[in-house]
Amino acid sequence: MKLNSAKTPSQSMKMKVKFVKNTLACALLMITSSVWADTVQPQQTTATITPHTAKHAGLEQQYFDPAISEKNDFYEHINGKWLKNTDIPADKSSWGTFNILHEQSVQQLHEIVEELSKQQFVDGSSAQQVADFYADYMDEKNLNSLGIQPLKAELDRVNTLSNIQQIAGLTAHFSRIGVTSPFDVGIDQDMKDSTQMIAVMGQSGLGLPDRDYYLKNDAKFKQIRADYLKYIEKTLQLAGETEAAQYAQQIMQLETDIAKAQWSNVQNRDVPKLYNIYKIQDLSKLSPAIDWTAYLDGQQLTGKIQTIQVLQPSYFKALNSIVKKNSLPVWKAYFKYHLISDYSSLLSQDFVDNSFDFYSKKLRDVQEQQPRWKRGVQLVNSTLGESLGQVYVQKHFSAEKKQRMEVLVQNLIKAYGQSIDDLDWMSAETKLKAKAKLASFSVKIGYPDQWRDYSGLHIQKNDLIGNILRTREFEHQYQLSKLGKPVNRAEWLMNPQTINAYYNPSLNEIVFPAAILQPPFFDMNADDAVNYGAIGAIIGHEISHGFDDQGSQFDGQGNMNNWWTAEDHKRFTEKTKALVAQYNRYEPLPGFHVNGELTLGENIADNSGLAVAYKAYQLSLNGQPAPVINQWTGEQRFYMGWAQAWRSKIRDARQIELLKSDPHSPDKVRANATLMNQTPFYDAFKIKVGDKMYLPAEKRVNIW
Ligand SMILES: [Zn+2]
């Protein structure tokens, strides 16, 4: 449960993250589908962050639009001038607070990469790994001279398949090297025994962002399908395939069949339904057409596991017919196409341009490629992230920031506890359990205590594809090594230089990377009110994921375990249903609504996070009135800080993609819809019947 989604996709590149890794972890923003960015115990005191002296408000008043009333559209009132005067850069699909910090982070990482490259280093050191990897990517002349040659060994694997049974072994190999395949395996904590690591297997296999792109008949999706068909054909042509047009049709049909069989992303939020433990020998009952022995051998899982969690059993049943329906030549074309497509950004310019033309221009309406150095930095960051992160935090993160964050987090947890005590809809029995869960939250701030060790990863000059393949293999071995060992509670799922945050229900932990601890989220020189409205609400958001519709199914030890009384759970569900109905009404683009069920967990987290941050702000005042700064009260500045944190613009095509695939609501909806449920907001800005920001008290949803 992340804070946010793909705000910073590297549009010209597309390489799939192994999606079954960490099925449940929730970030503040969605992590992009491209690999290279484009994802304290509570104490009994309420500490104030700083005395309220000599602090600026932390508000960006130059962007306020007085022509729009705060009572009718709070988000536009706070951000109106910025929205009017800002163009999304030609190489971006969206632009806002998160992107701007991401760009800054890329610049800082670029300096680090350049500095490391100038050092005297020994073979195998992290400086050597970073420098050579980056230099390989930057050597465009060399890559252009090689064409598709670097993929020849992998293409030969496909060419030499002689019968349909062998596609199981190829699927295993391709999923290990990051190529889109009909299904994938990852290693994750057992949802019912969080001390154990198990293998988890789930659906995959599509080249478009979501199954709806294949199945819906809106004009937009029809056009994208026509463009995608041409893209498949062109990709195969570039690789020398003579019957590219015919294969493109067959691949499209194959993927459409996969899309039909897949669970929707709303179904994939139903956690208990994803928990299906199969004995290895029973996989052949699910899909007899798949050679499971070859598959598990190919994943190096034979002998290491006796059982496996299957996320979507009905998908694997349907896949059996899809395997049988398609001939060996069609399967070979499908795998060749995905291999080339997923590796296009690492090949010569004709492949890079072909991929950019479809995935950025046609699919996301992005007009220009990012400069090569930015793509190179993000590639290194996606593979050697903690090597860069270690230098990043030395340069750009202070112990003082960490200390102030710890105080903020303590105050949020304390306010959360008081809020639970005050709930009028929950029994004392369930409150005790909720507070026990709250007491066992753990918190990570800034950067990991133990850094990832990349020694043993061989990065060789002038071998970009080889380096990528070895990196993927290194990662595969790292994941496999977790089986049968105690869970590594020190591991981070994000780099410190990532502008995001997350909650992981299996560890019951909230995590805040160093890079999000910057204005407009966290300003060391600002008065508390805006910090509570921004980073405070983000802390509250992540804590609330422990109590959203999914997180509340897990206990404080990270096990799926119902700790609710039946009556309390019924009341909780009624409240969440009201929130689904509220968000379903939002229509950011004509004909494209917010999906209230898909976004429910994130909407609960925003709703409760902001409410609890407000209470924590009040506690921090210790009974004293907040200072008035530039005529605004503390309460007003708190909500203004929230609204300015979500300032962003997005291209329509990208908005559609996110409405279909992102569990977070669009930023403007996150800002305004959340406010409309907060009664103290009505008091702070005197919102009355007739104002567009007004909801009758009985329609406002307050959960935690
Ligand atoms: Zn979230």
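Everything below is about the structure printed above this text.
Residues numbered from 1 in each chain as written. Predicted model: local features only at pLDDT ≥ 70, side-chain atom pairs only at ≥ 80, totals over all residues. Heavy atoms only, no water.

**So, the pairing of strand S4 (residues 183-190)**
Phase 1: Counting buried residues in S4 gives 8 out of 8 residues, a clear majority hidden from the surface.
Phase 2: As paired elements, S4 and strand S5 (residues 193-203) share 8 bridges and run antiparallel to each other. Counterpart to Gln 189 in the pairing with S5 is Met 197.
Phase 3: Taking the residues that link successive antiparallel strands as the turn, the S4-S5 hairpin has 2 residues. (Buried < 20%, exposed > 50% of the residue type's maximum accessible area, 1.4 Å probe, protein only. Helix = DSSP H or I, 4+ residues; strand = E, 2+ residues; numbered from the N terminus. Pairing = 2+ DSSP bridges.)

**Observations concerning helix H25 (residues 652-661)**
Phase 1: Within H25, 9 of the 10 residues are buried, which leaves it mostly tucked inside the rest of the structure.
Phase 2: Regarding H25, the residues found buried are Ala 653, Arg 654, Gln 655, Ile 656, Glu 657, Leu 658, Leu 659, Lys 660 and Ser 661.
Phase 3: Buried residues along H25 sit in contact with helix H7 (212-215), helix H8 (219-238), helix H15 (349-364) and strand S11 (648-650). (Contact = heavy atoms within 4.5 Å.)

**Notes on the layout of surface pockets**
In this approach, a probe sized like a water molecule rolls over the atoms, and the result shows the empty space that is left.
Phase 1: Taken as a whole, the second largest pocket holds about 570 Å³ of empty space.
Phase 2: Its residues assigned to classes, the lining of the second largest pocket comprises 12 nonpolar, 7 polar and 10 charged. (1 Å grid on protein atoms, 1.4 Å probe; cavity = no way out; pocket = protein on both sides within 12 Å on 5 of 7 lines; lining within 4 Å. Points joined across faces, edges and corners; volume = space filled by probe spheres on them. Nonpolar A, V, L, I, M, F, W, Y, C, P; charged D, E, K, R; others polar.)

**Considering the packing of aromatic side chains**
Phase 1: Taken as a whole and assessed by the stated rule, the structure comprises 51 aromatic pairs.
Phase 2: On the basis of an interplanar angle of 15 degrees and a centroid distance of 6.1 Å, the ring pair of Tyr 617 and Phe 638 is categorised as stacked. Of the two residues, Tyr 617 is situated in helix H23 (residues 600-620) and Phe 638 in helix H24 (residues 634-645); the sequence distance between them amounts to 21 residues.
Phase 3: Ring geometry for Trp 642 versus Trp 646: centroids 5.7 Å apart, planes at 70 degrees, classification edge-to-face.
Phase 4: Cluster of aromatic residues (ring-pair linked, three or more members): Phe 74, Tyr 532, Tyr 614, Tyr 617, Phe 638, Tyr 639, Phe 681, Tyr 682, Phe 685 and Tyr 694.
Phase 5: When the ring centre of Phe 547 is taken as reference, the NZ or CZ atom of Lys 437 above it lies at 5.7 Å.
Phase 6: Here Arg 452 stacks its cationic end above the ring of Tyr 478, 3.4 Å away from the centre of that ring. (Phe/Tyr/Trp six-rings, centres within 6.5 Å; stacked < 30°, edge-to-face > 60°. Lys NZ or Arg CZ within 6 Å of the ring centre and 35° of its normal.)

**Observations regarding the environment of Pro 513**
Phase 1: Locating Pro 513 in the fold gives a position in strand S10 (residues 509-513).
Phase 2: As a C-alpha pair, Pro 513 and Met 494 span 19 residues in sequence and 7.2 Å in three-dimensional space.
Phase 3: Aside from chain neighbours lying at most four places away, what touches Pro 513 is Gly 446, Trp 492, Met 494, Asn 495, Pro 496, Thr 498, Asn 500 and Ala 501.

**Section: the pattern of salt bridges**
Phase 1: Under the criterion given, the structure shown has 29 salt bridges.
Phase 2: Between Arg 176 and Glu 473 there is a salt bridge, with its nearest N and O atoms 2.7 Å apart. Of this pair, Arg 176 sits in helix H6 (residues 167-176) while Glu 473 sits in helix H20 (residues 464-480); the two residues are 297 residues apart in sequence, bridging distant segments of the chain.
Phase 3: The class of Arg 176 is buried, set by a relative accessible area of 13%.
Phase 4: Beyond isolated ion pairs, a larger network of salt bridges with shared partners links Asp 91, Lys 92, Glu 103 and Lys 374. (Salt bridge = Lys/Arg side-chain N within 4 Å of Asp/Glu carboxyl O.)

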